[in-house]
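# Inside the fold
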Amino acid sequence: MEDSLIRVGIPRDLVKVLGVESQGDSKAGAFTRAFLNSHMRQDSRLDPRTLLTHKAVILDFCRPKKDKSKRKSKRAKGLNARQKRAMKVFHLKPEHQRYELFLPLHELWRQYVIDLCNGLTPTCPQFVQQKLLKADFHGAILTVVRSKCPSYVGATGILVQEFKHIFKIITKEDKLKVIPKRNSVFAVEINGFVSHIYGSKFEHRASERSAKKFKARGTIDL
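Below you will find a few notes about this structure. (Residues numbered from 1 in each chain as written. Predicted model: local features only at pLDDT ≥ 70, side-chain atom pairs only at ≥ 80, totals over all residues. Heavy atoms only, no water.)

## Re the overall build of the protein chain
Within the protein chain, the secondary structure is distributed over nine helices and six strands. A burial count over the protein chain gives 25% of its 222 residues as buried. Carbon and sulfur atoms form 54% of the exposed surface of the protein chain, whose accessible area is close to 16500 Å². (Helix = DSSP H or I, 4+ residues; strand = E, 2+ residues; numbered from the N terminus. Buried < 20%, exposed > 50% of the residue type's maximum accessible area, 1.4 Å probe, protein only. Areas by Shrake-Rupley, 256 points an atom, 1.4 Å probe, with all protein chains shown as cover.)

## As for the pattern of salt bridges
Counting across every chain of the model gives four salt bridges. Here E203 ties to R182 by a salt bridge, and the two come within 3.0 Å at their closest N and O atoms. On the criterion of sequence distance, the pair formed by E203 in the loop between strand 6 (193-198) and helix 9 (206-209) and R182 in the loop between strand 4 (176-180) and strand 5 (184-190) is long-range, its members being 21 residues apart. You can call E203 buried: its relative accessible area is 13%. (Salt bridge = Lys/Arg side-chain N within 4 Å of Asp/Glu carboxyl O.)

## Some thoughts on the packing of aromatic side chains
Applying the stated criterion across every chain, the model contains four aromatic pairs. Consider the rings of F167 and F186, whose centres lie 5.0 Å apart with planes at 85 degrees: the pair is edge-to-face. Of this pair, F167 sits in strand 3 (residues 166-170) while F186 sits in strand 5, and the two are 19 residues apart along the sequence. Summarising the burial analysis for this pair, F167 and F186 share the class buried. (Phe/Tyr/Trp six-rings, centres within 6.5 Å; stacked < 30°, edge-to-face > 60°.)

## With respect to the sheet that holds strand 3
In space, the six strands of this open sheet follow the order 4-3-2-1-5-6, with antiparallel pairing throughout. Each having just a single partner strand, strand 4 and strand 6 make up the two edges of the open sheet. Strand-to-strand twist of the sheet, defined as the mean angle between neighbouring strand axes without regard to direction, takes the value 40 degrees. Bridge count for strand 1 (residues 141-147) against strand 2 (residues 156-162) is three bridges, and the pairing is antiparallel. Residue pairing in the sheet places L142 in a bridge with G157 of strand 2. (Pairing = 2+ DSSP bridges. Axes fitted to C-alpha atoms, helices over the stretch in contact; angles between N-to-C directions.)

## Structural notes on unusual backbone geometry
Although it is not a glycine, K88 adopts a positive phi angle of roughly 55 degrees. In this fold, K88 is placed in the loop between helix 6 (81-87) and helix 7 (103-116). Since its relative accessible area comes to 57%, K88 is described here as exposed. At D174, a position not held by glycine, the phi torsion is positive, near 60 degrees.

## Examining a nonpolar patch on the surface
On the surface, a nonpolar cluster with roughly 360 Å² of combined accessible area is contributed by I10, L14, V17 and L18. As for its position among the elements, I10 is in the loop between helix 1 (3-6) and helix 2 (12-18). (Patch = residues over 30% accessible without salt bridge, like charges linked within 9 Å, V, L, I, M, F, W, Y side chains within 5 Å.)

## Considering the pairing of strand 2
In terms of burial, strand 2 is largely enclosed, as six of its seven residues are buried. Sheet analysis places strand 2 next to strand 3, joined by four bridges and oriented antiparallel. Along strand 3, the bridge assignment pairs L159 with I169. A loop of three residues connects strand 2 with strand 3, the two strands running antiparallel in sequence.

Function cannot be inferred from these measures alone, as they are strictly geometric.
Okay, structure coming up:
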């Protein structure tokens, strides 16, 4: 193959624009051979000139390697349970433990449940019950109607925090009460529709409960 087909000189009108000058034949030839040797997919037994004479050559394409360290640094690490306790993430300050502060939350929850249950029609209570099993109860007014601990019976308040095993409610007396779900039955009233929650069968986080399948049971003990 003629050398002119492999390399050509830079036109004079582009020399000043690019700021480079054409190299001599010896330097240009050495660079071309080195470039082809490093980028051609070839058999070690064949000479680059022989390959170029008989067929077209596909040059290797090297993808730039991604920096894995930068990818790891972008991932936000969440707080573990110990760090959350140390930072008091779930701690409700005493000045915020006021019943009237959570009344707007209760109104939002009422509207949320009414929309969720298509208006709470009393003709289909089973449909409403299935919707409430997976609903979010933050803002609901809960009343303890039965419990193995008599001191919990009659406690009423707005649910401000729900955990896997406990409910935290704020009463009208601006007191924060922690009530365990186990061995307790809670009543929720929405527009005259009263639903009972058996806490022992409700020991799930709100996020987990939305995806859980509940089975119908004839009788449920405390």
